[in-house]
Amino acid sequence: QLIRNDGEPLKSSLFSPMYTGDFSSADEREIAVYLDADRTLTWWHRNVARSHYALQGWRREKIYPDFIFAVQHSELDSKVVVLEMKGKHLAGNDDTDYKQSVLQLMTEAFAVENVPHVGELEFLIEDGTRITCDLVLMTEWKTKLPTFSAKPAC
């Protein structure tokens, strides 16, 4: 079983327990341990390619993001983050650029959905959850991941 730095098993994974073999690299295990220790995260999930959640872009192949997690700063301030992780050697290739474009488009689309439209009556109370989708290079995860759980500036 994969354990945190404090010696305890991972606790915030949606599907516990998590085992070392559930991850394809030491970097992914390190990311899982990092996410599990983040106090602002309510849950996280290591998505398994071709067996769990997928995104469909404009190409035939689906995108299976590596990690999905929820951040909660307050009752009205929450965010779901969808991350695709890539090795540095894949930076700038066609597949990586395509996935980055799809994820950016998704983030923009979710942002537009949260903007009130003029002339519409609001019958539903929105919970204020933001959605962020991104691609992060493995060499940059230690600096990029904290930005996803940081409280937004007012």
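In this report, the structure presented in the accompanying data block is examined. Residue numbers here run from 1 along each chain, matching the order of that chain's written sequence. Two thresholds apply to this predicted model, a pLDDT of at least 70 for residue-level local features and 80 or more for giving and counting side-chain atom pairs, whereas whole-chain, interface and lining totals are computed over all residues. Excluded from the side-chain calculation are hydrogens and water; included are all heavy atoms of the structure.

1. Quick word on a nonpolar patch on the surface
Then, number 1: Patch construction takes residues with relative accessible area above 30% that form no salt bridge. Like charges are linked within 9 Å, and nonpolar side chains (Val, Leu, Ile, Met, Phe, Trp, Tyr) are linked within 5 Å. Surface exposure here means Shrake-Rupley accessible area, sampled with a 1.4 Å probe, where a residue is shielded only by the protein chains that are shown. Salt bridges are identified by distance alone: a Lys or Arg side-chain nitrogen within 4 Å of an Asp or Glu carboxyl oxygen. Among the surface-exposed residues, Leu14, Phe15 and Tyr53 lie close enough to one another that they form a single nonpolar patch of about 310 Å² accessible area.
Then, number 2: Its location among the elements puts tyrosine 53 in the loop between strand S1 (41-46) and strand S2 (55-56). Note on conventions: DSSP H or I runs of at least 4 residues are helices, E runs of at least 2 residues are strands, and numbering of each starts at the N terminus.

2. Considerations on the environment of methionine 138
Then, number 1: Residue placement: methionine 138 occurs in the loop between strand S6 (130-137) and helix H3 (141-149).
Then, number 2: Pairs of residues are marked as contacts when any of their non-hydrogen atoms sit within 4.5 Å. Sequence-distant contacts of methionine 138, defined by excluding residues within four places in its chain, comprise Ser25, Asp27, Glu28, Ile31, Met85, Lys86 and Gly87.

3. Overview of the sheet that holds strand S5 (residues 77-86)
Then, number 1: Judged by pairing direction, the sheet is mixed, and its four strands sit side by side in the order S1-S4-S5-S6 without closing on themselves. Bordering the open sheet on either side are S1 and S6, each of which pairs with just one other strand. Shown here is a sheet whose adjacent strand axes are inclined to one another by a mean of 20°, direction ignored. At least two bridges found by DSSP between two strands are what make those strands a pair. All axes are obtained by fitting lines to C-alpha atoms, using only the stretch in contact for helices, and the reported angles, taken between N-to-C directions, cover 0 to 180 degrees.

4. Things to note about the packing of helix H1 (residues 26-37) against H3
Then, number 1: The N-to-C vectors of H1 and H3 enclose an angle of 30°; their axes lie 12 Å apart at closest approach. Classified by the interaxial angle, the pair formed by H1 and H3 is roughly parallel. At the point where H1 passes H3, the crossing takes the right-handed sense. Across from Glu30, Ile31, Tyr34 and Leu35 in H1, the residues of H3 making contact are Trp141, Lys142, Leu145 and Pro146. Note on terminology: angles under 35 degrees are roughly parallel, angles over 145 are roughly antiparallel, angles of 65 to 115 are roughly perpendicular, and the others are oblique. A crossing counts as left-handed when the near helix is turned anticlockwise from the far one by less than a right angle, and as right-handed when that turn is clockwise.

5. Observations concerning the pattern of salt bridges
Then, number 1: Applying the stated rule across the entire model yields eleven salt bridges.
Then, number 2: Measuring nitrogen to oxygen at the nearest pair gives 3.7 Å for the salt bridge that ties arginine 46 to aspartate 66. Of this pair, arginine 46 sits in strand S1 while aspartate 66 sits in the loop between strand S3 (62-63) and strand S4 (67-74); the two residues are 20 residues apart in sequence, bridging distant segments of the chain. The same class applies to arginine 46 as to aspartate 66, namely buried.
Then, number 3: Notably, a salt bridge pairs aspartate 95 with lysine 99, separated by 3.2 Å at the nearest N-O pair. Note that aspartate 95 and lysine 99 are positioned in helix H2 (residues 94-113) at a spacing of four residues, about one turn of the helix. Only protein chains enter the calculation, and the probe is 1.4 Å; a residue is then buried if its accessible area is under 20% of its type maximum, exposed if over 50%, and partly exposed in between.

6. Points about H3
Then, number 1: Every buried residue belonging to H3 is among Trp141, Leu145, Phe148 and Ser149, and all of these are buried. Seen end-on, H3 carries its buried residues on one side only, within an arc spanning 90°.
Then, number 2: In this structure, the buried residues of H3 make contact with H1, S1, S4, S5 and S6. Each direction from the helix axis to a C-beta atom contributes to the arc, which is the arc of those directions.

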